[in-house]
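Working through the structure, step by step
Now for the letters of each chain:
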Amino acid sequence: MQELIIDLALPAERYLAWYRGQAGRVVMRSRDGRSVSLPAHHLRPFLTHEGVYGSFVMRFTREGKLVSLERLG
């Protein structure tokens, strides 16, 4: 299993594009510089009125399948 750490600052206005059907994925960069494309619905549990903010650990298989996404701290 592999893992990445991601620091995310996604304002609610940008996340709303998913609700409107204008976006299906969120593209972000991990701390080690890798680009990550994640289906937006995986961030829904972390969504507040302000958006999605914080540091997260993403665990995935060698094939790239998401195993877990957890907020750090």
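See the structure above.
What counts and how
- Residues numbered from 1 in each chain as written.
- Predicted model: local features only at pLDDT ≥ 70, side-chain atom pairs only at ≥ 80, totals over all residues.
- Heavy atoms only, no water.
- Helix = DSSP H or I, 4+ residues; strand = E, 2+ residues; numbered from the N terminus.
- Buried < 20%, exposed > 50% of the residue type's maximum accessible area, 1.4 Å probe, protein only.
- Contact = heavy atoms within 4.5 Å.
- Phe/Tyr/Trp six-rings, centres within 6.5 Å; stacked < 30°, edge-to-face > 60°.
- Pairing = 2+ DSSP bridges.
- Axes fitted to C-alpha atoms, helices over the stretch in contact; angles between N-to-C directions.

Glancing now at the side chain of Ser 68. Relative to the helices and strands, Ser 68 is located in strand S5 (residues 66-71). By relative accessible area, which is 19% here, Ser 68 ends up buried. Ignoring any residue separated from it by four or fewer positions in sequence, one finds Ser 68 in contact with Val 57, Met 58 and Arg 59.

This part takes up the packing of aromatic side chains. Scanning the entire structure with this criterion turns up 1 aromatic pair. Aromatic pair Phe 46 and Phe 56: ring centres 4.9 Å apart, planes at 70°, arrangement edge-to-face. A residue pair is termed long-range when its members are at least 10 positions apart, and Phe 46 in the loop between strand S3 (35-39) and strand S4 (51-60) and Phe 56 in strand S4 qualify at 10 residues. Just as Phe 46 is buried, Phe 56 falls in that class too.

On to the sheet that holds strand S1 (residues 2-11). Read across the open sheet, the 3 strands follow the order S1-S4-S5; overall the sheet is antiparallel. Taken across any chain shown, the strands that pair with only one partner, and hence form the sheet edges, are S1 and S5. Taken pair by pair, the neighbouring strands of this sheet meet at an average axis angle of 25°, ignoring direction. Alignment of S4 against S5, held across 5 bridges, turns out to be antiparallel. Bridge pairing in S5 links Phe 60 to Leu 66. Docked against the sheet, helix H1 (residues 12-19) engages S1 and S4, running at close to 105° with respect to S1.

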